[in-house]
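# An overview of the molecular structure
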Amino acid sequence: ALQGQGKLAEAIEAYRKSIELEPRNAKVRSNLAVALLEDGRTEEGIEQCRAALADDPQNGDAHNALAIVLARQGALEEAINHLESAVAIAPASVDYQFNLGRVLAAAREFGNAIPHLKAAADLTRWREPVILDLLAASYGEVRQFREAADVARRALAEAQRQNNRDLIQELTDMVARFESEAAK
């Protein structure tokens with residue numbers, strides 16, 4: 001609750017006290033890791049993620065949090081491994097599916113990214129323009145321009161419905177580019 005209210009210092013202290021009482025509570029350790037990462041304390045956050053996973057290798061949140069940090073540090077292969085574990089643990093998690101798709105795309109593994117991005121799109125009922133944007137771009141990268149244009153149009157419609165001005169112009173350009181490529 002404290003973390004959600006932006007009171008990171010208090011949340012970190014509360015998680016530390018909980019861990020003193022119950023040192024092998026992987027869920028609390030995972031929450032501490034996320035709070036530390038949000039607070040910019042990367043190395044401590046990584047350490048807590050690894051400790052949470054040592055206590056509970058089935059902790060999807062710890063796999064996900066660790067993977068995000070690893071991806072930011074450029075350790076894409078290790079990030080992918082952790083996200084694959086997270087997806088195996090909870091395949092119906094939008095965050096896990098989307099993050100795996102994002103990291104695979106960052107690793108230029110667009111063909112492998114597409115199924116995870118589609119899963120994330122399905123889980124959100126195709127209503128998250130950011131997910132659809134990356135899915136369309138991934139289709140474009142593998143030269144599936146009809147699919148790319150279709151998804152980009154859906155993303156544009158959602159961005160307009162949500163009044164997401166940041167994406168509207170980008171997606172308008174993307175639709176035109178993919179439609180042009182598909183017509184060749």
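Residues numbered from 1 in each chain as written. Predicted model: local features only at pLDDT ≥ 70, side-chain atom pairs only at ≥ 80, totals over all residues. Heavy atoms only, no water.

## Focus: the side chain of Ser93
Within the fold, Ser93 resides in the loop between helix 5 (76–89) and helix 6 (94–106). With relative accessibility at 15%, the residue Ser93 sits in the buried group. Here the side chain of Ser93 touches Tyr96 through a polar contact of 3.1 Å, landing on its backbone nitrogen. (Helix = DSSP H or I, 4+ residues; strand = E, 2+ residues; numbered from the N terminus. Buried < 20%, exposed > 50% of the residue type's maximum accessible area, 1.4 Å probe, protein only. Polar contact = N/O pair within 3.5 Å; in protein donor to acceptor, adjacent residues only side chain to side chain.)

## Here's the deal with the nonpolar core
Counting residues in hydrophobic clusters, the biggest one holds 50 residues, and the most contacted among them are Leu135, Val151, Leu171 and Phe178. Looking at this core element by element, the count peaks at 8 residues for helix 9 (residues 145–161). Judged by nonpolar contacts, the second largest core, of 9 residues, contains Leu8, Ala11, Ile19 and Val28. (Core = buried A, V, L, I, M, F, W, Y, C linked by side-chain atoms within 4.5 Å.)

## Thoughts on helix 7 (residues 110–123)
Under the 1.5 Å per step criterion, the end-to-end length of helix 7 is 20 Å for 14 residues, consistent within 8% with the ideal 20 Å. Within the span of helix 7, buried status applies to Phe110, Ala113, Ile114, His116, Leu117, Ala119, Ala120 and Ala121. Elements in contact with the buried residues of helix 7: helix 5, helix 6 and helix 8 (129–141). (Expected span 1.5 Å × (residues − 1). Contact = heavy atoms within 4.5 Å.)

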